Amino acid sequence: MEYLNGGVRIPDLRVDIGPLSLANPVMTASGTFGYAREFESLLNLRRLGAIIVKGISLHPRSGNPPPRIIETACGMLNAIGLQNVGVDRFIVEKIPYLGTLGVPIIVNILGDSLDEYRHITEKLSGCGTVAAIEINISCPNVKKGGVAFGADPAMAAAVTRTVREAAAVPVIVKLSPNVTDVTVIAKAVEDGGATAVSLINTLIGMAIDLKRRRPALANVCGGLSGPAIKPVALRMVYQVAQAVSIPIIGIGGIATAEDALEFMLAGATAVQIGTANFVNPRASEEVVDGIGNYVLQEKLPSVREVIGALETG
Amino acid sequence: MEYLNGGVRIPDLRVDIGPLSLANPVMTASGTFGYAREFESLLNLRRLGAIIVKGISLHPRSGNPPPRIIETACGMLNAIGLQNVGVDRFIVEKIPYLGTLGVPIIVNILGDSLDEYRHITEKLSGCGTVAAIEINISCPNVKKGGVAFGADPAMAAAVTRTVREAAAVPVIVKLSPNVTDVTVIAKAVEDGGATAVSLINTLIGMAIDLKRRRPALANVCGGLSGPAIKPVALRMVYQVAQAVSIPIIGIGGIATAEDALEFMLAGATAVQIGTANFVNPRASEEVVDGIGNYVLQEKLPSVREVIGALETG
Amino acid sequence: MMTQYQEKAVVIRREQLSADNVRLTFECPDIAAAAYPGQFVMIRVGTGNDPLLRRPFSIHQAHKEGLLQVYFKIVGRGTEMLAEVGEGAEVSILGPLGRGFRLVESPACLVGGGLGIAPLLFLARELSRLQRDCGLDTVILGGRSRSEVEPLVKDFEQFGMTVVTTTDDGSYGQRGFVTAAFSSLSLPASCAVYCCGPEPMMAGMNVLCRARGNSCQVSVESVMACGMGACLGCSKPTRGGGYVHVCVDGPVFDAEEMVWNI
Amino acid sequence: MMTQYQEKAVVIRREQLSADNVRLTFECPDIAAAAYPGQFVMIRVGTGNDPLLRRPFSIHQAHKEGLLQVYFKIVGRGTEMLAEVGEGAEVSILGPLGRGFRLVESPACLVGGGLGIAPLLFLARELSRLQRDCGLDTVILGGRSRSEVEPLVKDFEQFGMTVVTTTDDGSYGQRGFVTAAFSSLSLPASCAVYCCGPEPMMAGMNVLCRARGNSCQVSVESVMACGMGACLGCSKPTRGGGYVHVCVDGPVFDAEEMVWNI
Ligand SMILES: Cc1cc2nc3c(=O)[nH]c(=O)nc-3n(C[C@H](O)[C@H](O)[C@H](O)COP(=O)(O)OP(=O)(O)OC[C@H]3O[C@@H](n4cnc5c(N)ncnc54)[C@H](O)[C@@H]3O)c2cc1C
Ligand SMILES: Cc1cc2nc3c(=O)[nH]c(=O)nc-3n(C[C@H](O)[C@H](O)[C@H](O)COP(=O)(O)OP(=O)(O)OC[C@H]3O[C@@H](n4cnc5c(N)ncnc54)[C@H](O)[C@@H]3O)c2cc1C
Ligand SMILES: Cc1cc2nc3c(=O)[nH]c(=O)nc-3n(C[C@H](O)[C@H](O)[C@H](O)COP(=O)(O)O)c2cc1C
Ligand SMILES: Cc1cc2nc3c(=O)[nH]c(=O)nc-3n(C[C@H](O)[C@H](O)[C@H](O)COP(=O)(O)O)c2cc1C
Ligand code: FES
Ligand code: FES
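Note that the structure is predicted; figures quoted are calculated from it, not measured.

Concerning the side chain of Asp155(D)
Right, so step 1: With respect to the secondary-structure elements, Asp155(D) resides in helix α4 (residues 146-157).
Right, so step 2: Its relative accessible area of 18% is what places Asp155(D) among the buried residues.

Given below as structure tokens:
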């Protein structure tokens with residue numbers, strides 16, 4: 001479908017993440033867009049498909065000591081340490097502004113136990129502004145000796161079920177790429193009741209400062225993001241698309257509309273822009289524009305035609 | 001120790017991979033240096049610590065249809081499909097030249113069954129020129145439904161044991177990074193009798209040609225290499241160094257002496273230069289020079305002082 | 001919330017002030033008009049993905065008419081690429097970012113070490129505009145040797161402040177550190193100190209100012225990815241515990257708030 | 001084994017032959033002296049990691065005195081960067097690579113489409129040096145429009161060959177494809193055809209030459225990582241089954257050896 005608005009053709013960019021309808025497939029990735037307000041003078045926040053805010057935990061976390069970030073070849077490592085204001089202050093301080101934007105707000109949550117995930121979810125389910133919850137399962141499960149929830153299918157399914165039961169809104173599970181077979185985890189969270197999966201979170205990496213003979217990050221290891229990881233992300237999205245039937249949100253090194261469209265061809269219904277926001281704060285809006293132009297140029301009835309349209313024969 | 005050669009100080013760059021002594025820690029990575037002869041007019045092959053040749057299988061393989069390679073951000077994907085001349089022709093056609101170089105020749109081997117690995121090893125053990133065998137365990141095990149040997153600790157240990165029993169020379173096991181916990185595999189192959197481990201092989205990735213709406217590689221997925229993967233490789237080397245006591249050979253995005261020294265700080269006894277050979281065919285020799293200069297400048301008695309010397313306190 | 005801009009700025013002048021130090025003047029009207037001394041910009045040094053991130057630079061000068069200057073040292077690949085940008089080229093600049101210096105009415109002492117001199121020129125001009133008597137103000141410019149200091153002296157002299165110079169090697173001005181020059185000056189206790197330079201120098205200035213009772217603002221550095229409070233990468237520990245973020249809470253802080261490792 | 005060199009070559013001339021087409025002349029003595037028509041070089045278009053790989057270009061001209069030329073079209077980021085390299089700049093070149101044209105004594109017909117013209121100039125010169133009668137030789141130069149063809153005509157005329165030109169839009173020479181121009185020429189069956197251009201054109205030339213009994217050598221392209229037989233990335237299927245590697249087995253092949261998708 002295509003609209004005419006004062007003679008200008010408007011491309012149909014709407015996509016659905018389960019019951020959640022988005023005006024377009026472009027979201028901002030958690031932890032790379034602050035609480036959105038930071039960007040308000042640089043782009044039109046209302047044009048985004050959805051906004052995902054920095055990961056929120058039950059209690060405030062002050063994060064890791066510096067250095068927390070280091071640039072790498074076509075990428076960066078971060079070890080922010082999940083610094084955030086905690087769910088209570090988030091609801092009081094950040095939600096009111098976010099509620100004025102008229103864009104679906106998705107809250108990324110993290111915890112170190114099932115209880116913590118449940119509590120945050122209950123608190124967030126109270127405020128009408130939250131359109132969906134995205135679960136970061138890359139966090140260590142303290143009760144299981146610190147193995148990441150996302151590294152074990154049973155644990156990943158358990159978090160999903162826990163949040164799903166407590167949530168009044170759709171639940172997106174954000175998958176870790178640091179696993180042998182991402183499709184196993186994807187299927188487990190699908191069975192656990194996930195509305196959708198988003199992937200990938202960062203790859204675990206490390207950098208060394210040769211002069212000081214020390215790790216470049218105080219935390220030794222960090223999460224690798226940016227264009228460097230795009231091939232891995234694209235492969236995992238493609239694999240998961242063959243394995244599950246819930247919608248997929250593609251993440252990893254997306255900076256342009258072309259990048260976003262490639263993820264959609266591989267099977268993603270929507271995408272998230274992460275590190276690119278740092279390089280070009282207008283990146284997410286430019287991706288919306290670029291996808292629109294593509295849909296018009298290719299004369300597609302809707303951007304939904306692109307989803308999974310990769311030809312491999 | 002330091003030598004004086006006509007008044008010039010010579011740094012001590014010798015390192016040992018089990019019983020195998022190398023003049024310096026710099027090797028060429030399998031599949032990126034052909035059978036070495038291709039580079040003979042561009043650098044002094046005799047200055048390398050060791051030469052690892054293209055992976056050899058029992059029977060010749062013609063490889064995948066094109067396109068087989070595609071550039072990505074700070075990296076490249078390859079899906080060569082393990083094209084090689086097969087072990088018999090390798091012994092007849094390639095070994096004689098390699099034997100003249102006076103440099104340890106390490107043969108990378110691959111197979112799709114334990115039997116195949118054993119057969120190749122037996123054939124190679126016959127020729128005196130082979131200084132060590134490097135097992136590529138990233139290949140699919142046909143008997144186990146195509147799961148890669150390297151993705152399963154028991155299978156990885158079994159290949160190691162098989163080759164170890166048939167081999168008259170040290171056995172290096174080359175680890176795949178496409179696993180949840182690389183230390184589990186590293187420990188398994190250590191228990192299986194590996195003389196050393198080398199890591200990392202390529203990360204599985206994918207690229208898409210938006211215009212043609214097709215995968216950029218005929219094989220759909222390929223292996224990601226180059227500077228983009230260096231942070232992942234460095235992290236895995238560091239992790240494995242905490243987990244095993246056999247020597248580690250670091251691989252992944254190494255292009256300069258600084259890169260190589262970082263891997264050594266993280267715990268590698270030696271390094272391999274891969275994709276960088278394509279960008280700068282002299283890269284491996286330049287890394288030897290650069291490590292030597294570092295040892296002299298820092299007035300180190302030996303390059304061995306660098307191994308695992310990372311300060312994390 | 002402050003308004004920020006992402007502008008395609010045109011390089012209209014490139015000055016090689018010494019072997020490693022370059023000054024670029026951009027036509028960059030929105031950022032220049034909104035800028036305040038002590039704030040900074042994030043510059044994209046290339047067009048590809050490597051290096052990926054923007055680089056932070058203090059605003060060296062900003063004119064309401066639209067000109068913006070940065071003054072930087074070539075220390076790595078990013079600054080190398082920026083130094084090679086020719087006049088007429090377009091560069092993406094994001095800014096103005098951060099909280100700058102708190103301008104106070106009392107006599108001022110500006111202390112800059114090495115490239116820390118960069119933000120002080122804009123500060124000096126704005127201080128001189130405050131209808132204050134700049135005759136009581138002092139600027140101490142220090143560097144490793146002559147080439148790091150001399151090219152900037154004239155720019156500061158125009159405001160009628162006393163300019164004191166030091167070099168580590170004695171090749172220009174007094175031999176020694178700016179901290180020594182500062183110690184030997186007799187300044188009123190009401191004097192407000194504005195400082196930017198290497199960490200050890202700012203740590204030293206903090207000690208001296210506390211001893212003398214001078215207020216001391218410092219402009220600090222940190223690795224940065226976004227420059228606008230989104231990545232939380234630029235944290236610095238504070239004396240009170242917890243972290244501040246250099247890009248939004250600073251880069252200018254009261255020296256006594258910060259943790260100094262000396 | 002052939003000897004190859006990795007040289008730091010200095011750009012001594014940069015010619016913008018049309019909006020998208022650039023010709024660079026390098027001082028590159030070792031490679032120039034060893035080069036043979038139809039061979040290529042791998043050029044590093046930047047100094048960073050992105051783009052990572054070298055780019056392959058045919059040798060357009062090589063003089064024993066040390067000059068080497070490439071002639072290329074801006075199609076992506078690598079060629080864009082190469083087009084921006086200024087005179088005096090240094091560029092890393094690897095070569096000479098591959099197996100070039102087999103030069104035969106019989107009358108020659110050189111057929112180039114678009115940037116496929118690039119390797120033919122060096123070939124034309126070497127053919128003219130073989131003490132042959134170039135008066136019997138023909139060069140067909142084709143392109144999309146005038147700007148792709150006209151700038152190169154003079155360079156070929158110097159060898160005394162007949163130059164025929166075609167453009168798709170008729171803006172210069174005959175309107176139409178080089179294959180049509182080739183069909184309309186009456187050439188001896190002994191005529192050796194040397195051809196470089198887009199795949200469909202070379203596929204067409206293969207059909208025409210087989211019909212007429214002319215031998216036909218083609219210079220083909222492929223993505224390449226190393227250019228020297230080390231990565232095995234540049235495979236092309238052959239009619240006999242199996243693969244050849246463009247960088248070492250080619251880039252010049254007998255047209256009838258190859259698989260043409262038409
Ligand atoms: C708020 C702020 C304002 C700044 N203002 C200025 C300014 O006005 N003028 C200026 O010249 N610089 C300034 N800097 C520092 C400047 O951002 C860095 O020098 C620059 O980012 C280095 O980029 P690069 O790519 O050249 O170096 P990289 O390749 O990133 O680093 C190369 C080497 O330089 C070291 N390095 C990194 N940063 C610095 C540094 N600040 N000083 C010394 N060595 C460093 C690295 O550790 C590395 O060893 C400022 C920094 C901040 C945070
Ligand atoms: C042996 C050999 C000799 C060559 N000789 C020449 C020469 O003399 N002159 C010349 O101009 N080119 C020549 N080429 C092609 C040249 O190598 C490519 O145009 C160049 O690598 C493109 O680099 P890029 O970074 O600009 O484009 P990329 O960013 O790599 O690609 C940009 C876009 O251009 C497309 N593309 C890639 N290669 C080509 C191509 N060959 N033609 C058209 N589109 C392409 C890609 O698919 C992509 O869509 C030769 C190639 C080979 C293999
Ligand atoms: C500085 C930074 C902070 C991040 N914080 C979070 C977070 O709090 N929760 C989360 O799920 N992902 C977090 N991520 C991961 C991103 O959301 C995204 O999955 C990842 O960066 C890959 O996408 P990109 O390559 O586009 O950046 C963070 C990434 C960066 C770079
Ligand atoms: C073109 C290509 C071919 C390769 N072939 C092999 C191979 O046959 N056997 C193997 O074990 N690894 C192979 N590899 C992996 C490399 O040896 C190396 O582990 C990997 O490329 C990472 O190192 P790098 O980033 O330095 O390239 C290949 C890599 C490339 C790029
Ligand atoms: S640099 Fe990103 S929060 Fe400060
Ligand atoms: S390009 Fe590497 S083998 Fe041909």
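Concerning the relation of the copies chain B and chain A
Right, so step 1: Rotating chain B by 180° and translating it 0.0 Å along the rotation axis places it on chain A, where the RMSD comes to 0.0 Å. Given the turn and translation reported, the copies of this chain are related as if by a two-fold rotation axis.
Right, so step 2: An overlap of 100% is found between the interface residues of chain B and their copies at the interface of chain A, pointing to a shared contact surface.

Looking at the interface of chain A and chain C
Right, so step 1: The interface of chain A with chain C comprises 33 residues on the first partner and 30 residues on the second.
Right, so step 2: Taking both partners together, chain A and chain C bury about 2,500 Å²; carbon and sulfur atoms supply 64% of that area.
Right, so step 3: When residues of chain A are sorted by the area they lose upon contact with chain C, Glu71(A), Phe278(A) and Val279(A) head the list and together hold 25% of the total.
Right, so step 4: Between chain A and chain C we count one salt bridge in total.
Right, so step 5: Linking chain A to chain C there are nine residue pairs in polar contact (both at pLDDT 80 or more).
Right, so step 6: Contributions of two or more residues to the side of chain A that touches chain C are made by β7 (69-72), β8 (75-78) and α7 (276-279) of chain A.
Right, so step 7: Broken down by element, the side of chain A that touches chain C gets its largest block of residues, three residues, from β7(A).
Right, so step 8: For the side of chain A that touches chain C, the residue count by class is 14 nonpolar, 12 polar and seven charged.

Here we look at the site of ligand 4
Right, so step 1: Around ligand 4 there are 23 residues in total, and Ser30(B), Lys174(B), Gly226(B), Gly253(B) and Thr275(B) lie nearest to it.
Right, so step 2: Around ligand 4, the nearby residues trace back to chains B and D.
Right, so step 3: Gly274(B) has a polar backbone atom sitting 3.1 Å from an oxygen atom of ligand 4.
Right, so step 4: Relative to its free-state accessible area of 610 Å², ligand 4 is covered by the protein chains to the extent of 98%.
Right, so step 5: By residue class, the composition of the shell around ligand 4 is six nonpolar, 15 polar and two charged.

Remarks on the UniProt feature "binding site: [2Fe-2S] cluster" (unreviewed entry) in chain C
All names here are of chain C.
Right, so step 1: UniProt annotation of "binding site: [2Fe-2S] cluster" (unreviewed entry) refers to Cys-226, Cys-231, Cys-234 and Cys-247 when read in the numbering used here. The annotated residues occupy 22 residues of the chain but converge on a single region, no pair of C-alpha atoms lying more than 10.1 Å apart.
Right, so step 2: Turning to its location among the elements, Cys-231 is positioned in the loop between β13 (215-219) and β14 (235-237).
Right, so step 3: Along the polypeptide, Cys-247 turns up in helix α7 (residues 246-249).
Right, so step 4: Residues within four places of Cys-247 in sequence aside, it is in contact with Phe-40, Leu-97, Gly-98, Met-224, Gly-227, Met-228, Gly-229 and Cys-234.

Cut-offs and rules
Residues numbered from 1 in each chain as written. Chains lettered and ligands numbered in written order. Predicted model: local features only at pLDDT ≥ 70, side-chain atom pairs only at ≥ 80, totals over all residues. Heavy atoms only, no water. Helix = DSSP H or I, 4+ residues; strand = E, 2+ residues; numbered from the N terminus. Buried < 20%, exposed > 50% of the residue type's maximum accessible area, 1.4 Å probe, protein only. Least-squares fit on C-alpha atoms with pLDDT ≥ 70 in both. Contact = heavy atoms within 4.5 Å. Buried area = accessible area lost by both parts, 1.4 Å probe. Salt bridge = Lys/Arg side-chain N within 4 Å of Asp/Glu carboxyl O. Polar contact = N/O pair within 3.5 Å; in protein donor to acceptor, adjacent residues only side chain to side chain. Nonpolar A, V, L, I, M, F, W, Y, C, P; charged D, E, K, R; others polar. Near = heavy atom within 4 Å. Areas by Shrake-Rupley, 256 points an atom, 1.4 Å probe, with all protein chains shown as cover. UniProt positions renumbered as here; feature names shortened; annotations may be inferred.

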